[in-house]
Amino acid sequence: MRDVAVVGFAQRQMKELDGSPTCLELLVPILGDLYQQTGWTKSDIDFWCSGSSDYLAGRSFSFVSAVDAIGTLPPVMESHVEMDAAWALYEAWVKIQTGEVDTAVVYGFGKSSAGVLRRTLALQLDPYTAQPLWPDTVSLAGIQAREGLEKGLWDEKAMAEVVARSMTDAAGNEWAIRKGATSIDDVLAQAMYADPLRRWDCAPVSDGAAAMVLAAGDKALEACDRPAWISGFQHRIEPIALNARDLTTSTSTAAAGKAAGVDGVDLAELHAPFSHQELILRESLGLPGDVTINPSGGALTANPMFSAGLNRIGEAAKRIWAGGSDKALAHATSGPALQQNLVVTLGSTKKGS
């Protein structure tokens, strides 16, 4: 296996319905940030891969317009996945492992405010039995949270603790939408939004984009003094039928985490769009109590579709670069109620060192 590292990361996150720019306009300055961070230019990038969704954009082949941000002359090697850019990162990592390329840029983007996100996400459900009923994503998460409460796996205070910690930690994150010192009582004082979920238990609808640079071996050392080396990378999926799995656990996360290697992790960025889902993920990964969880604030403070998962990996990599972590874990999710999950582990040294 080739040693591959994250050597650059940039993002933009913004509030819903704020007159945000197009995804193309978002990506241009983000790619500029990457070039500045690495000291590279477009000619130094061997492969490009993006993550987005035509359903979210409301038009077919929406990713083609975003390709204008990277520039297609001279021709580039480019690919696309119809999901969070964390999975585009996996494709780019595999591409580097083949030896065909040494460097890659991965980017994701989504403009959730263009429609009604709760309704749009119903399109990812089973098209014969569930989708025609149009169950929205918040209601499904409410069912999941209620099941855990009734089983005694967590309580409302535990959920509120996740929210309060996330919003308080997000105070130092310039891109967080919800942030500031928050107490458990502040959270519990809120009215119910989708029982048993309060508004802050649910990630805010967000527009945004993010991009990341991968590099192999010595190329990584050219671009970054302390690269975040990828030590494990796996993803797993569960049945789409909600009655075919236990919603209060995440077997796919557990399997991906075991394959990626969670031992020795001191920090974890978990993609949990709902407060109770962080509790599920922590349990499924078997994370000890001394592991720092979502120091960026996580998805509860900003959750741009199709880049929020990549953001978790980028935030973990930033902690490695800064020396605040020696081994970090990042997680991304896709599908209803934690159906599909990806886990990557990052370290300050190469895997074989």
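Our subject is the structure listed above.
Being a predicted model, the structure only gives us computed values, none of them experimental.

Trainee: Requested: an account of the packing of aromatic side chains, with residues and values cited.
Mentor: The tally for this structure, following the rule as stated, stands at four aromatic pairs. Both rings, one in Y90 and one in W93, keep their centres 5.8 Å apart while their planes meet at 40 degrees; by these two values the pair is tilted. Of this pair, Y90 and W93 are both found in helix α4 (residues 85-97), three residues apart, which corresponds to roughly one turn of the helix. With centroids separated by 5.1 Å and ring planes inclined at 90 degrees, the aromatic side chains of Y90 and F233 adopt a geometry described as edge-to-face. Of this pair, Y90 sits in helix α4 while F233 sits in strand β8 (residues 228-237), and the two are 143 residues apart along the sequence. Y90 gets classed as partly exposed once you look at its relative accessible area, which sits at 23%. Relative accessible area serves as the criterion here: at 2%, F233 is assigned to the buried category. Within the aromatic cluster, the residues linked to one another by ring pairs are Y90, W93 and F233. Directly above the aromatic system of W134 lies the positively charged group of R119, at a separation of 4.1 Å from the ring centroid. The ring of W40 carries the charged tip of K219 above its face, separated from the ring centre by 5.2 Å.

Trainee: I'd like a description of the nonpolar core, backed by residues and values.
Mentor: Side chains of a nonpolar character, in soluble globular proteins, are inclined to be buried together. In terms of nonpolar packing, the biggest core is built from 37 residues, with L89, L214, I230, I313 and L346 touching the most fellow members. In terms of residue count, the dominant contributor to this core is α4 (eight residues). Counting residues in hydrophobic clusters, the runner-up holds 35 residues, among them A160, L197, V265 and V291.

Reading guide: rules and limits
- Residues numbered from 1 in each chain as written.
- Predicted model: local features only at pLDDT ≥ 70, side-chain atom pairs only at ≥ 80, totals over all residues.
- Heavy atoms only, no water.
- Phe/Tyr/Trp six-rings, centres within 6.5 Å; stacked < 30°, edge-to-face > 60°.
- Helix = DSSP H or I, 4+ residues; strand = E, 2+ residues; numbered from the N terminus.
- Buried < 20%, exposed > 50% of the residue type's maximum accessible area, 1.4 Å probe, protein only.
- Lys NZ or Arg CZ within 6 Å of the ring centre and 35° of its normal.
- Core = buried A, V, L, I, M, F, W, Y, C linked by side-chain atoms within 4.5 Å.

Remember that the coordinates give geometry; whether it matters functionally is a separate question.
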